[in-house]
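Analysis of the macromolecular model
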Amino acid sequence: MEYFLTEQQKLIKSIARRIAEERILPARAELDEKEQFPWELIKDIANADLFRIFIPEQYEGMGEGSFALCIAVEELSRACAGVALTYAADALGAFPILLYASEKQKQQYLPVIASGARLTAFGLTESSAGSDAGNIKTTAKRDGNEYVLNGTKQFITNGGEAEIYTVIAITDPTKGARGASAFIVEKDTPGFTFGKKEKKLGIRCSATRELVFHNCRIPKENLLSKEGMGFIVTMKTLDSSRPGVGALAIGLAQGALEAAVAYSRQRVQFGHPVSSIQAVQHMLANMAMELEAARALVYATAKTIDSGAKSFTEEGAMAKVFATDMAMKVTTDAVQVFGGAGYMRDYPVEKMMRDAKINQIYEGTNQVLRNVIALELLRRKGLRG
Amino acid sequence: MTIQIDPDKCTGCGSCVPVCPFSVMDLVNDKARVKEGCNLCGACVDACTFDAIKIEKAEQKVGEGYRGVWVFAEQRDGKLKSVAYELVSEGRKLADKLGTELSAVCLGHNIKDVEQLICYGADKVYLADDPALSDHQEDLYTGLLLDLIRKHRPEILIAGATAMGRSFIPRVAALLYTGLTADCTGLDIDPETKLLLQTRPTFGGNVMATIMCQAKRPQMSTVRPHVFKRGTPHKERKGQIIKVDFKKEAITSRTKLLRFIEDLSEKVKLDEAEIIVSGGRGLGKPDNFQIIKALAEVLGAAVGSSRPPVDEGWISYSHQVGQTGKTVCPKLYIACGISGSVQHIAGMGTSECIIAINEDSNAPIFQVATYGIVGDLFKVVPMLTEKLKRSRGIV
Amino acid sequence: MNIVVCIKQVPGTTEIKIDPKTNTLVREGVKSIVNPFDTYALEEGVRLKERYGGKVTVITMGPPQAEEALRETISLGADEAILLSDRAFAGSDTWATSYVLSKAVTKIAQYEIVICGRQTLDGDTGQVGPELAEMLKIPFISYVSKIEEIKDKHIRVQRMIEEGHEEIETTLPAVITVVKEINVPRLPSLRGSMKSKTAKIPVWNAAEIGAETDKAGIPGSPTRVVKIFFPKREHKSEIFQGTVEEQVAKLAQRLEKIV
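What you are looking at is a predicted structure, and each value in this text was computed from that prediction instead of being measured.

1. So, the pattern of salt bridges
As a working rule, side chains carrying opposite charge can pair if their charged atoms are close by. Residues and elements named next belong to chain A. Taken as a whole and assessed by the stated rule, the structure comprises 71 salt bridges over all chains. Between Glu126 and Lys153 there is a salt bridge; the shortest N-O distance is 2.8 Å. Here Glu126 is found in the loop between strand 1 (120-123) and strand 2 (139-143), whereas its partner Lys153 is found in strand 3 (residues 146-157), with 27 residues between them in sequence. An identical accessibility class is assigned to Glu126 and Lys153; each is buried.

Now the structure itself:
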């Protein structure tokens, strides 16, 4: 399928692919086994300038948009979803700054994020606030020239490894969800510590930790935009990062499909390669179709965002739900095509299946997002321009 | 070739001065004089109407004045390396074919057994033994060897293609503007021209080339250790050991050795081992080197490796056999799970007996193996180890 | 710090064509790569630039198609690249090559260090590094596995030899050759790749670098290849047949006779 990439986008794709094939592929099994954060690979990704993709040129970035970011995430994910997530979550953590920071804040943080020298993370989720994001309890009380943060964030990707955190906290408890604000908090700020590293089903090389704020004082200059904007910052940030999650799912499914096709061609049963069995062929055909449809949807969403669309909540939600549900199915079917071998950790597909699950949950569960899609659909009375 | 001006015939007319393309003619005390830089082109001879200038065109052969085969006998910490004896043995054959002398050059400090070089075939040994040379610094070696060559003019010089040989011998060749051929696997004398025929592999051994250094001297070659075999030493052989003086102020080292860190990981040194058991990519993971080590222990052998396991970090570089590793020539080389790339064979192909164990019958290693088993090394090697243990009564 | 890196474009070894007239390699039409050992040299040069500031200039002597290899080095972090190309350079042996390179380095004039790979895939001699150093009349250290420090015009390195490692110090400028243990070369970067597409790569010929043509190419080379042949592998090996037990038994029998 031709998607008309520009020269620069083609370059991004080929460089991300080289990193995936030459560096990530040989390391992924061990990183998964040992649950080790992929620092060496992050360095390779940084050296290749991939962190510059989503940063504007005036801040030492390449000024590319959502589509270019999706291409990079997809290529990295094809080798390992955990590594791709570390990269994609960095974009997630950067979006609040990209979208809502002051010029001074942008000058201070974006160049260093672009170089990949310091990673970012987005801190929203809490133990009592998953889908119910409005129910967050972390507070930020203004005290003179500072804000004092108290509370705990849960399940934060890149937690403990990142140095720049964009955190959502309640500044005005009387206003409920509208009383939330967004802040930049740096690692090693006194009062900011991390909880244990979570042990997960999949994406095991990705670091997931609690962020613990205990009378953590930050300068008032670390407020992003205005007090009370936290909810809007969150919504816009998540909208912007949804295609990236979709891209991660596509890359993951692509890798699984390739592995399944290759295996089915060389595995011989009853005197023939299993790829000659119609039942298997139909499975592979369905996997390929759904993957291609998901890809088209994610790319279309990314290009819509890049065209400057003001609102893309519905598209983003559709792309994320469709692609992640597809990836769960494709990776599961890939294990099936591998048969018994697919269940064994010596083969790559069981990891892909384990990696796929989280994508249906984070960044808005696929159930919540269906609510979002339905509401948008009803609001526009099902009509399409 | 010489140029001469007859003062009796020269009238000081100066016709020769402007015609010289190199501007080396002038008049001194009304007589023509040739300065340095004369190329013997003869333009002045043509210009002189008094026949006062003569150029003697003597029939001189290329390489005239260069005689003798030299071997750079490398040593380390006072001990001569095996390659020194191997090259003296081979050099002796070359010298005999040319009907000339074989000399060895030995530079270092407290070098033992220098007479052995004579036993192996050298007629002379030029020996520079001085504490200043104990750090093996190449600036000093380059300077000393260069001096010796300029003084004594050998027609051939061969040296070991060791780290040191490959580092300082090219420097000597560069300064002498002479030809150097690296990693020769064959040396011979062309019966007609009496020139050195140097044969070496290129493209990792896929193509062999024979090279000559026709016009420049000395003709220089480096040879890898264990490519040639050392001959038999003859205790009765007589020769001269000539002490070389060197003025320390004249030759200084720009590099300084701060410290040396020895690699102690090998119990049996690979280079000198009589039996080597090697593992390759077919081992699959680092722990499986245990299988190789077990067999090596029973045989009293050294453990070797092809390049992939070293690249993967399964075993250290000091065990690597091959083009960018060590060249070995043991009595017995057992290759387990090694495909036999050209680069690996370059490092062990001259072993007396090669045994290959590989599950791929098309693996190139079988083309050089004396004996082979096409099979699963994980079954064959442990079984072999057990069998040998039992037959040797080792429990 | 001004760093010069010498690279060579070599053929991918699967296709080898020899010109029967000159007994040298036919380079046109063969897929070419940057000599793998030179990628370590380039990486080390770029790391030095990142550590101490400065500029990396890559040079190579080759036919016009060698420009491709130079562009690749720019995508890998080189700041500038220069192609040394002239009909007169063709067929150079290591002496003539080192001579041409030395003239180019001399023309570059401002440099603290020259870095080369330890040997090429096709020639395998490893001679150009040391010969170049001698022609430039500067110190030389081979098989460098680590650059410890550069300070006050001195460089301290670790060097790999058969017996272990030496720690050596010398003055700059100097020439070093590096082994692959020294680093892991980076992959091309986005900005580097874009820069390499538009970079201007000057071509210097013999006149430009003041190289005497009788010291380059075939006339300038003291060595000449007089014959090329493919090694014969007439070898009969005995492959043991039978069950694993039978194979091992036969092998063990042979072994007992040898050891």
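2. Looking at the environment of A:Leu224
Residue and element names in this part refer to chain A. Within the fold, Leu224 resides in strand 8 (residues 223-224). It is 7.5 Å that separates the C-alpha atoms of Leu224 and Ser181, two residues lying 43 residues apart in sequence. Apart from the residues within four sequence positions on either side, Leu224 is in contact with Pro96, Ile97, Tyr100, Ala101, Gln105, Thr166, Ala182, Phe183 and Ile184.

3. Focus: the nonpolar core
By size, the foremost hydrophobic cluster in this structure holds 123 residues, and its most contacted members are A:Leu50, A:Phe54 and A:Tyr87. Per-element tally for this core: the top contributor is helix 6 (residues 230-266) of chain A, with 14 residues. In this structure, A:Leu50 is in contact with A:Ile12, A:Ala16, A:Ile19, A:Ile45, A:Tyr87 and C:Leu190, ignoring residues within four places of it in sequence. Counting 36 residues, the second largest nonpolar core, distinct from the first, contains B:Leu257, C:Ile74, C:Ile147 and C:Ile155.

4. Topic: the pairing of strand 10 (residues 156-160) of chain B
Residue and element names in this part refer to chain B. With 5 of its 5 residues buried, strand 10 lies for the most part within the structure. What you see with strand 10 is no split at all: Ile156, Ile158 and Gly160 on one side and Leu157 and Ala159 on the other are buried throughout. Of the pairings in the sheet, the one linking strand 5 (residues 69-72) to strand 10 comprises 4 bridges and is parallel in character. By the bridge assignment for strand 10, Phe72 is matched with Ala159.

5. Digging into the packing of helix 3 (residues 94-108) of chain C against helix 4 (residues 128-136) of chain C
Two measures define how a pair of helices packs: the angle their axes make with one another and the distance between the axes. Residues and elements named next belong to chain C. Look at helix 3 against helix 4: their axes get within 8 Å of each other, and the N-to-C directions meet at 50°. When the axes of helix 3 and helix 4 are compared, the pair comes out oblique. Like other packed secondary-structure pairs, helix 3 and helix 4 cross with a definite hand, here right-handed. Contact residues: Thr94, Trp95, Thr97, Ser98, Tyr99, Leu101, Ser102, Val105 and Thr106 in helix 3; Val128, Glu131, Leu132, Met135 and Leu136 in helix 4. Grouping the amino acids of the contact of helix 3 with helix 4 by side-chain chemistry returns 8 nonpolar, 5 polar and 1 charged.

6. Some points on the interface of chain C and chain A
Contacts between chain C and chain A engage 12 residues on the former and 16 residues on the latter. Here chain C meets chain A over a buried area of about 1300 Å², counting both sides, of which 64% is carbon and sulfur. Between the two partners, chain C and chain A, sit 2 salt bridges. Ionic pairing is found between A:Asp49 and C:Arg191, a salt bridge with its closest N-O pair at 3.5 Å. When grouped by side-chain class, the residues that make up the side of chain C that touches chain A number 6 nonpolar, 3 polar and 3 charged.

7. Observations concerning the sheet that holds strand 10 of chain B
Residue and element names in this part refer to chain B. Here we have 7 strands laid out as an open sheet, ordered 11-15-10-5-8-9-16, and parallel in their pairing. In the strand order of this sheet, the two ends are held by strand 11 (180-184) and strand 16 (240-243), each with one partner. Here the strands of the sheet are splayed against their neighbours by 20° on average, with no regard to which way each runs. Pairing geometry for strand 5 and strand 8 (residues 102-108), over 4 bridges, is parallel. Residue Phe72 lies in a different strand from strand 8, and its bridge partner there is Val105. Against the sheet, helix 5 (residues 138-152) touches strand 5, strand 8, strand 9 (124-129) and strand 10, its axis set at about 155° to strand 8. Strand contacts of helix 6 (residues 163-176): strand 5, strand 10, strand 11 and strand 15 (219-223), with the helix running at about 170° to strand 15, the strand carrying the most contacts.

Quick notes on the rules
Chains are numbered independently. Their residues run from 1 in the order of the written sequence. A letter from A marks each chain and a number from 1 marks each ligand, given out in the order of writing. The predicted nature of this model means local features are confined to residues of pLDDT at least 70 and side-chain atom pairs, given and counted, to a pLDDT of 80 or more, with totals for whole chains, interfaces and linings taken over all residues. Hydrogen atoms and water are omitted, and side-chain values are computed over all heavy atoms in the structure. Any Lys or Arg side-chain nitrogen located within 4 Å of an Asp or Glu carboxyl oxygen qualifies as a salt bridge. For helices the rule is a DSSP run of H or I covering at least 4 residues; for strands it is a run of E covering at least 2, with both sets numbered from the N terminus onward. For the exposure calls, accessible area comes from a 1.4 Å probe over protein chains only, and a residue counts as buried if that area is under 20% of its type's maximum, exposed if over 50%, partly exposed in between. The contact criterion used throughout is that any non-hydrogen atoms of two residues lie within 4.5 Å. The set of buried Ala, Val, Leu, Ile, Met, Phe, Trp, Tyr and Cys residues whose side-chain atoms join them within 4.5 Å is what this entry labels a nonpolar core. By the convention used here, strands pair only if DSSP detects at least 2 bridges between them. Where helices are involved, their axes are fitted lines through C-alpha atoms of the stretch in contact, as for all axes, and angles between N-to-C directions lie from 0 to 180°. Angles are sorted into four bins: roughly parallel if under 35 degrees, roughly antiparallel if over 145, roughly perpendicular if 65 to 115, and oblique for all others. Left-handed describes a crossing whose near helix is turned anticlockwise from the far helix by less than a right angle; the clockwise case is right-handed. Residue classes follow a fixed rule: Ala, Val, Leu, Ile, Met, Phe, Trp, Tyr, Cys and Pro count as nonpolar, while Asp, Glu, Lys and Arg count as charged, and any other residue, Gly among them, counts as polar. Buried area is a sum: the accessible area each of two parts loses on coming together, probed at 1.4 Å, counted once for each and added.

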